[in-house]
Amino acid sequence: MSRAYRGRELVLGIQGLALLRHAIDGDEKFLRDRLDDIRRFAAAEERPSDSGPVARELDAAEGYATWSAIYDSLPNSFIEVEELVVHALLDPLPPGTALDAACGTGRQTRALTWRGHRTIGVDQSPQMLDKARSNSPSADYRVGRLESLPLEDDSVDLAVCSLALTHLSDPCTGIAELARVVRPGGRIILSDLHPFVVSLQGQCLFAEGPGRLAFVRNHVHLPGRYLAAFRQAGLTVNDCHEPLFNGRLAPGGYEESVADAARAAWDGLPLVIVWDLTLPA
């Protein structure tokens, strides 16, 4: 069934979440402001800028094909907090053959290549791969899906998969594929949107044209689901990181229209979960 994002309801939800999280320790002015905003929005006396057209849902292939044209130009708090952790994990690793699974426009491909790895970038979107080639032309790029990676067994020393498994309704197959292509003793660095954020409607929302919004669905995968998938794939967990919201809101987005409430709603919440894994020798 077709689904849609509705900006007005999202803004009301953010105001409510901010109120809920600060109902005990928020100052009186902050609480009154939230209640006043909720009354105005609910009564349609004031509408957020994107409350007219709804945002339509696209599958991952169509969504990223559309998004590829502007993907690298937009500030992204999820990527900002994720890269600080992922790059710190990559820094001490010796150069080898590395996979950037669901590489998108190649931001991790570029990071891996810069660190001396012979890098293979895989993505299901040819449009994203075209961007990746222009960003890091020396890598080997292949069209493929997380559920069926176009690599031989035991063929890479390191696999990185960034902010992609939440697009799968079940992460197990993707995790099993990452484990299949990594050599015994190899590492997997896996990041995803944190299930807290996805549970609070953290979908991949973007502008597909003037006045038109679209989104690619994220699914909630709780830590226990990841751990079960890691056990099934024979992986060992070295560490788990949960970087917090850094205060940046997407410019021009529905959150920016209620910035005080949005920052209060997300304050102290983890945006991303990052797993550091080893395939035992």
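Look above for the structure.
What counts as what
Residues numbered from 1 in each chain as written. Predicted model: local features only at pLDDT ≥ 70, side-chain atom pairs only at ≥ 80, totals over all residues. Heavy atoms only, no water. Helix = DSSP H or I, 4+ residues; strand = E, 2+ residues; numbered from the N terminus. Buried < 20%, exposed > 50% of the residue type's maximum accessible area, 1.4 Å probe, protein only. Contact = heavy atoms within 4.5 Å. Areas by Shrake-Rupley, 256 points an atom, 1.4 Å probe, with all protein chains shown as cover. Core = buried A, V, L, I, M, F, W, Y, C linked by side-chain atoms within 4.5 Å. Salt bridge = Lys/Arg side-chain N within 4 Å of Asp/Glu carboxyl O. Phe/Tyr/Trp six-rings, centres within 6.5 Å; stacked < 30°, edge-to-face > 60°. Axes fitted to C-alpha atoms, helices over the stretch in contact; angles between N-to-C directions. Parallel < 35°, antiparallel > 145°, perpendicular 65-115°, else oblique. Left-handed = near helix turned anticlockwise from the far one by under 90°. Nonpolar A, V, L, I, M, F, W, Y, C, P; charged D, E, K, R; others polar. Pairing = 2+ DSSP bridges. Right-handed = clockwise from strand over helix to strand, strands pointing away.

Enquirer: What am I meant to see in the overall build of the protein here?
Expert: If you tally the helices and strands in the protein, you get 10 helices and 11 strands. Across the 281 residues in the protein, those meeting the buried criterion constitute 51%. By sequence separation, contacts in the protein at least 24 residues apart represent 73% of the contacts at least 6 residues apart. For the protein, the accessible area works out to roughly 12900 Å², and carbon and sulfur atoms hold 53% of it.

Enquirer: I keep staring at the nonpolar core and nothing clicks. Help me out?
Expert: Where a protein is soluble and globular, its nonpolar side chains tend to be buried together. Counting 37 residues, the largest nonpolar core has Leu90, Leu158, Ile189, Trp266 and Val274 as its most contacted members. Every element with two or more residues in this core is listed here: helix H1 (7-21), helix H2 (28-42), helix H4 (77-90), strand S6 (156-162), strand S7 (182-193), helix H8 (195-199), helix H10 (259-266) and strand S11 (272-278). Leave out the neighbours within four places in its chain, and Ile189 touches Val86, Leu89, Leu90, Leu158, Ala159, Val160, Cys161, Val274, Trp275 and Asp276. Among the nonpolar cores identified, the runner-up in size contains 30 residues, and Val122, Val182, Leu235 and Trp275 belong to it.

Enquirer: Explain the pattern of salt bridges to me, please; I cannot follow it from the model alone.
Expert: Oppositely charged side chains can pair when the atoms bearing their charge come close. Inspection of every chain in the model, using the stated rule, returns 16 salt bridges. Asp37 serves as the salt-bridge partner of Arg34, at 3.0 Å between the closest nitrogen and oxygen. With a gap of 3 residues between them, Arg34 and Asp37 both fall in helix H2, about one helical turn apart. Pair check on accessibility: Arg34 and Asp37 agree, each one buried.

Enquirer: Before we go on, may I ask you to explain the packing of aromatic side chains in this structure?
Expert: Here a ring pair, both rings aromatic, is described through the centre-centre distance and the interplanar angle of the planes. Scanning the model with the defined rule gives 3 aromatic pairs in all. Geometrically, the ring pair formed by Tyr226 and Trp275 is tilted, given 5.7 Å between the ring centres and 45° between the ring planes. Linking Tyr226 in helix H9 (residues 223-233) with Trp275 in strand S11, this pair joins segments that are 49 residues apart in sequence. The same class applies to Tyr226 and to Trp275, which are both buried.

Enquirer: Would you mind going over helix H5 (residues 107-114) with me for this structure?
Expert: The periodicity of an α-helix, 3.6 residues per turn, causes residues three or four places apart in sequence to face the same way. Within the sequence span of H5, burial applies to Arg107, Gln108, Thr109, Ala111 and Leu112. Tucked into the core, H5 has its buried residues touching H4, strand S3 (97-101), strand S4 (118-123), strand S5 (140-143) and S6.

Enquirer: Would you mind showing me how to read the packing of H4 against H5 here?
Expert: Pairs of packed helices are described in terms of their axes, by the angle between the two and the distance that separates them. Running from amino to carboxyl end, H4 crosses H5 at an angle of 25°, the nearest separation of the two axes being 12 Å. In terms of axis orientation, H4 runs roughly parallel to H5. The way H4 lies across H5 gives a crossing that is right-handed. Of the residues in H5, those touching H4 at Ile79, Glu82, Glu83, Val86, His87 and Leu90 are Arg107, Gln108, Ala111 and Leu112. The residue makeup of the contact of H4 with H5, split by class, is 5 nonpolar, 2 polar and 3 charged.

Enquirer: Where do I start with the side chain of Thr97 in this structure?
Expert: As for its position among the elements, Thr97 is in strand S3. Once residues lying within four places of it in the same chain are set aside, the contact partners of Thr97 are Arg118, Ile120, Ser155, Val156, Asp157, Leu158 and Arg183.

Enquirer: I would appreciate a short explanation of the pairing of S7 in the present structure.
Expert: Here is the key point about a regular strand: its side chains alternate between the two faces of the sheet. Across 6 bridges, S6 lies against S7 in parallel orientation. The residue of S7 that forms the bridge with Ala159 is Ile188. Tracing the backbone out of S6, into helix H7 (residues 172-181) and back to the parallel element S7 gives a crossover that is right-handed. Taken together, the 7 bridges between S7 and S11 define a ladder with antiparallel strand orientation. Bridge pairing in S11 links Leu193 to Val272.

Enquirer: Just to check I follow, could you spell out the packing of H7 against H9 for this structure?
Expert: Two elements in contact, H7 and H9, have axes whose closest approach is 9 Å; the angle formed by their N-to-C orientations is 40°. Between H7 and H9, the interaxial angle falls into the category oblique. Here H7 and H9 pass one another in a crossing that is right-handed. Residues Cys172, Ile175, Ala176 and Ala179 of H7 lie in contact with H9, whose contacting residues are Arg225, Tyr226, Ala229, Phe230, Gln232 and Ala233. Of the residues contributing to the contact of H7 with H9, the split by class is 8 nonpolar, 1 polar and 1 charged.

Enquirer: Quick question: what am I supposed to make of the environment of Cys172 here?
Expert: Structurally, Cys172 is set in helix H7. Classification of Cys172 as buried rests on a relative accessible area of 13%. Along the primary structure Cys172 and Ala228 are separated by 56 residues, whereas in three dimensions their C-alpha atoms are 8.3 Å apart. Sequence-distant contacts of Cys172, that is, excluding residues within four places in its chain, are made with Arg225, Ala229 and Gln232.

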